[in-house]
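So you can see what is in the structure, the chains are spelled out below.
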Amino acid sequence: MAVDTTPQSPVAGSAAGGGRAPRRPLTLPSGSVITTFLVLFLVVASVAVEGFASTRNAGFLLLDVVVIALIALPLTLIVVTGEIDLSVASTVGLSSAVMGKLWFAGLPLETIIPVVLVLGGVLGAVNGLLVTRLGLPSLAVTIGTLAFYRGLAFVVLGDQAVADFPRAWTTWAISGIGATGVPVVVVPLLVLVAITAVALHATPIGRSLYAMGNSEDAARFSGIDVARTKFWLFVAAGVISALGGVYWTLRYGSARADNATGLELQVVAAILLGGVSIFGGSGGLLGVLAGALLLASVRNALQLVNVPADVLNIVTGALLIVAVVAPQVTAELRRRRPRGRPAAA
Amino acid sequence: MSERTGSPVSTAAQGSPPSAPAPHLPDVAPELAAPERSGRRGSALVHRLVVVRELGILAALLLLVVVTVAVNPRFLSGQNVRDLLLSASILTVLAAGQTMVIITRNVDLSVGSVLGLSAYASGTLLVTAPDLPVVVVVLAGMAVGAACGLLNGAIVAVAKVPSLVVTLGTLYAFRGLDSLWASSTGRLQINAADLPASFKALGGARVLGVPVLFLIAVAVVLVMGYYLRTYRSGRELYGIGSAPDAARLSGIPVGRRVLTAFVVNGALAGLAGVLYAARFQTLDTTAGTGQELFVVAAAVVGGVAIFGGSGSVYGAALGALLLTTIGTALPQLGLDPFWRDAAVGALIIAAIALDRTLTLRLAARLRGRNVRGS
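Residues numbered from 1 in each chain as written. Chains lettered and ligands numbered in written order. Predicted model: local features only at pLDDT ≥ 70, side-chain atom pairs only at ≥ 80, totals over all residues. Heavy atoms only, no water.

Focus on the overall build of chain B
Then step 1. Within chain B one finds 16 helices and 4 strands.
Then step 2. Within chain B, the proportion of its 374 residues that are buried is 56%.
Then step 3. Counted over contacts in chain B with a minimum sequence separation of 6, partners at least 24 positions apart contribute 79%.
Then step 4. Entry remark: accessible area of chain B is about 14400 Å², with carbon and sulfur atoms responsible for 67%. (Helix = DSSP H or I, 4+ residues; strand = E, 2+ residues; numbered from the N terminus. Buried < 20%, exposed > 50% of the residue type's maximum accessible area, 1.4 Å probe, protein only. Contact = heavy atoms within 4.5 Å. Areas by Shrake-Rupley, 256 points an atom, 1.4 Å probe, with all protein chains shown as cover.)

Here is the structure:
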């Protein structure tokens, strides 16, 4: 999708840069820049913005970030392999709509939730089959299913809302751990984060995802079943998005077909801000989580100082662009500087 | 978006055996875009494919219209058709610009926000200076769009950042700018009553019964189609999209061409913004939200390959017309309008699957021909 097609991975340094290995020691772990930035921002905001560091506010902030971080987990893996799934937010919407419809039909939530998760898996499998079996570009496929799944959500529930979910479930969805203000749901989220992080960074499968992202042909020749791996990643994205749909419905206490519209862009923004290359092959989970938190914190802090909601969009967009332009510029500067030295020897 | 962006040249050279389904479209796209290489007969074959592809959309469109008319004869009533053409014209103008960008293996997701910004700008301009000639307003809207396109294109071409990411960023930024502008002036909504009659007349104006907005869209498509087909720089856009490295090596100023594509696309999104203002006459800062997906969808349905190098603006225009017709036909067919998005989504997937099949078949035939020929 870019003009320049030289494969770069300025953030992770996972590609060996065409044989110029010596600069390795200087590369920081993926995502460390954005994490540092996040920590700095949190410190500054806590000092400068009144009410930012309160437990109440932290709780709200985390609640806002939960679904984005959740969906970012499988989507990061997909982006690392060089594919993309833009249909995740529509899967959230369709799951929410189906959940509402089934609840309206009188089924218990204990039955509904597994059904919805399976549905999410099926939706993901459709994406996966179209991409891996028919060899269609995932960008185009998931723009198609973005419209298709959202359309189905409206077919299922129309413009109605189902809102009479049991109190116990909806209060659980927003309740905090003791008096800390940290939402209860952060715990299962962290478990999923841990599983994904280990899978991505410490298993052969995780390494194979980077291999695919850097060169699909090379990955295939080295014995990786590229199609099967990608298929299951899309299924995972479907299931996790459905889980996100269930949580979204409970958190807002309302099942609607238009739930989470446009969320895919926020998730993708968090992933890219976190230093994952849109071409695949580089980036890590730490950066993505930091990216998601940074986006949410900046918006939250600006809201607290009464910056109009409109400006937040400008900040989000600018952050995203700066995040991708900055490494390019530094890489370009680094490339220019050592001209005199015999680097190519 | 993936490894296929990495080295199109090598994958293209490798080709794909027809038996084992090859992974992606652009493998064969260079042949589509540079027919000269495959000889005159190969080029005729490619040309026929493009024509068949466009006739296919036209056939789908006609089928849809025939079925709808059979169910509800009033579908083809004058007013209904005029409404349809009016709605289609805005999407068509956007799709024409987007086609130019997609052909270069880029994408512009910010067009919905550019449309909103331009619509608001032209509305504001008219409120403050109601006596301005309509032409000036149109040019002002296009200038706003071109400026946005220049920003997108400059970041993409100079900083060499993937356009998907850049325009995702500016999608937010331009929309934010729009809202910021509206809230700082306190004019959150512009109503029909605020706009001068001369401008409002544009929305309903007709020549020989045909809405002027639609004629503008047709003119845009024809000019763009002629340019892409005939001009050297237009052909170079296809070359860039097929194989950026090869294009650069053969001396095509890739950065400048891509920048131009973004500026033209921005200007057309700006024009679409003015058309939007003229058509709907009630403007707030949400105008055009989510349009980017329909625009990309129109281009893809119209046979423009999402990874560049092939497709025509006529196809994209037909795609836009088809998507709009689906939207208006469904209620007439007695179907819930909620089915529209689902139908659009299914259509996109069907279209790319069809393109994939056609491209594979074409590649196989071209290869067979070359083997026999030499």
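Next comes the rest of the account.
Let's talk about the nonpolar core
Then step 1. Ranked by internal contacts, the top residues of the largest apolar core, which has 201 residues, are Leu263(A) and Phe199(B).
Then step 2. Among the elements that take part in this core, helix H2 (residues 55-80) of chain A stands out by supplying 16 residues, more than any other.
Then step 3. In contact with Phe199(B), other than residues within four places in its own chain, are Leu126(B), Val134(B), Val137(B), Val274(B), Ala277(B) and Ala278(B). (Core = buried A, V, L, I, M, F, W, Y, C linked by side-chain atoms within 4.5 Å.)

Quick word on the pattern of salt bridges
Then step 1. Evaluation of the coordinates by the stated rule reveals 12 salt bridges over all chains.
Then step 2. We note a salt bridge from Arg220(A) to Glu216(A), for which the minimum N-O separation is 2.7 Å. Here Arg220(A) pairs with Glu216(A), and both are found in helix H9 (residues 216-221), just 4 residues apart, close to one helical turn.
Then step 3. A relative accessible area of 37% means that Arg220(A) is categorised as partly exposed.
Then step 4. Classification of Glu216(A) by relative accessible area gives buried; the value is 6%.
Then step 5. A salt bridge links Glu236(B) to Arg232(B); its shortest N-O distance comes to 3.2 Å. (Salt bridge = Lys/Arg side-chain N within 4 Å of Asp/Glu carboxyl O.)

Overview of the interface of chain A and chain B
Then step 1. With 53 residues of chain A at the interface, the matching set in chain B holds 59 residues.
Then step 2. Interface of chain A and chain B: buried area, both sides summed, is about 4900 Å²; carbon and sulfur atoms make up 74% of it.
Then step 3. Inspection of the chain A/chain B interface yields 0 salt bridges.
Then step 4. Taken together, chain A and chain B are joined by 2 residue pairs in polar contact (both at pLDDT 80 or more).
Then step 5. Of all the secondary structure elements, the ones that give two or more residues to the side of chain A that touches chain B are helix H5 (138-157), H9, helix H11 (263-273) and helix H13 (309-336) of chain A.
Then step 6. The leading source of residues in the side of chain A that touches chain B is H5(A), at 14 residues.
Then step 7. The residue inventory of the side of chain A that touches chain B, partitioned by class, reads 30 nonpolar, 13 polar and 10 charged. (Buried area = accessible area lost by both parts, 1.4 Å probe. Polar contact = N/O pair within 3.5 Å; in protein donor to acceptor, adjacent residues only side chain to side chain. Nonpolar A, V, L, I, M, F, W, Y, C, P; charged D, E, K, R; others polar.)

Things to note about the side chain of Thr91(A)
Residue and element names in this part refer to chain A.
Then step 1. Structurally, Thr-91 can be placed in helix H3 (residues 88-104).
Then step 2. With a relative accessible area of 3%, Thr-91 lands in the buried category.
Then step 3. Discounting residues that sit within four places of it in the chain, Thr-91 has contacts with Gly-120, Leu-123, Tyr-149, Gly-238, Ser-241 and Ala-242.

Here's the deal with the confidence of the model for chain A
Then step 1. Averaged over every residue, the pLDDT of chain A is 84; the share at 70 or more is 88%.
Then step 2. Every residue in residues 1-26 of chain A is under pLDDT 50, and counting partners more than four places away or in other chains gives 53 contacts. (pLDDT = per-residue confidence, 0-100.)

Some remarks on the confidence of the model for chain B
Detail in the predicted coordinates should be disregarded across regions flagged by low pLDDT.
Then step 1. For chain B, per-residue confidence averages 81 on the pLDDT scale, and residues scoring 70 or more make up 87% of the total.
Then step 2. Segment residues 1-38 of chain B: pLDDT under 50, and 89 contacts once partners within four positions in sequence are set aside and those in other chains are kept.

As for unusual backbone geometry
Residues and elements named next belong to chain B.
Then step 1. The phi dihedral of Lys-160 falls on the positive side, at around 55°, and the residue is not glycine.
Then step 2. With respect to the helices, strands and loops of the structure, Lys-160 is situated in the loop between helix H7 (134-158) and helix H8 (163-185).
Then step 3. The exposure class assigned to Lys-160 is partly exposed, which follows from its relative accessible area of 32%.
Then step 4. Backbone geometry at Gln-281 places phi at a positive 60°, although glycine is not the residue there.
Then step 5. Following the sequence through the fold, Gln-281 ends up in the loop between helix H13 (254-280) and strand S4 (283-284).

Some thoughts on the environment of Val246(A)
All names here are of chain A.
Then step 1. Within the secondary structure, Val-246 sits in helix H10 (residues 226-252).
Then step 2. Here Val-246 falls in the buried class, since its relative accessible area comes to 5%.
Then step 3. C-alpha separation for the pair Val-246 and Val-116, spaced 130 residues apart in sequence, amounts to 7.8 Å.
Then step 4. Val-246 has contacts with Met-99, Ile-113 and Val-116, leaving out every residue within four places of it along the chain.

Quick word on the environment of Val264(B)
All names here are of chain B.
Then step 1. If you trace the backbone, Val-264 turns up in helix H13.
Then step 2. On the accessibility criterion, Val-264 (28% relative accessible area) is partly exposed.
Then step 3. For the pair Val-264 and Ala-146, spaced 118 residues apart in the sequence, the C-alpha separation amounts to 6.5 Å.
Then step 4. The contacts of Val-264, once residues within four sequence positions are left out, are Met-100 and Met-224.

A short note on helix H11 (residues 232-242) of chain B
Then step 1. Counting buried positions along H11(B) yields 8 of 11 residues, so the element is predominantly enclosed.
Then step 2. Those residues of H11(B) that sit buried are Ser233(B), Gly234(B), Glu236(B), Leu237(B), Tyr238(B), Ile240(B), Gly241(B) and Ser242(B).

A short note on the packing of aromatic side chains
The geometry of an aromatic ring pair is captured by the separation of the ring centres together with the interplanar angle, meaning the angle of the planes.
Residue and element names in this part refer to chain B.
Then step 1. Tallied over the full model, the rule gives 10 aromatic pairs over all chains.
Then step 2. Consider the rings of Tyr-120 and Trp-181, whose centres lie 5.1 Å apart with planes at 75°: the pair is edge-to-face. Of this pair, Tyr-120 sits in helix H6 (residues 111-128) while Trp-181 is found in helix H8, placing the two residues 61 residues apart along the sequence.
Then step 3. An aromatic cluster of three or more residues is present, and its members are Tyr-226, Tyr-227 and Tyr-231.
Then step 4. Arg-235 extends its terminal NZ or CZ atom over the ring of Tyr-238, reaching a point 4.8 Å from the ring centre. (Phe/Tyr/Trp six-rings, centres within 6.5 Å; stacked < 30°, edge-to-face > 60°. Lys NZ or Arg CZ within 6 Å of the ring centre and 35° of its normal.)

As for the environment of Arg82(B)
Residues and elements named next belong to chain B.
Then step 1. Here Arg-82 lies in helix H5 (residues 78-103).
Then step 2. Separated by 122 residues in sequence, Arg-82 and Gly-204 have C-alpha atoms that sit 9.5 Å apart.
Then step 3. Contact partners of Arg-82, with chain neighbours within four places excluded, come to Arg-206, Gly-209 and Pro-211.

A closer look at a nonpolar patch on the surface
All names here are of chain A.
Then step 1. Residues Ile-177, Val-187, Val-191 and Ile-195 make up a contiguous nonpolar surface patch of about 330 Å² in total accessible area.
Then step 2. Here Val-187 is to be found in helix H7 (residues 186-202).
Then step 3. Here Val-187 falls in the partly exposed class, since its relative accessible area comes to 44%. (Patch = residues over 30% accessible without salt bridge, like charges linked within 9 Å, V, L, I, M, F, W, Y side chains within 5 Å.)

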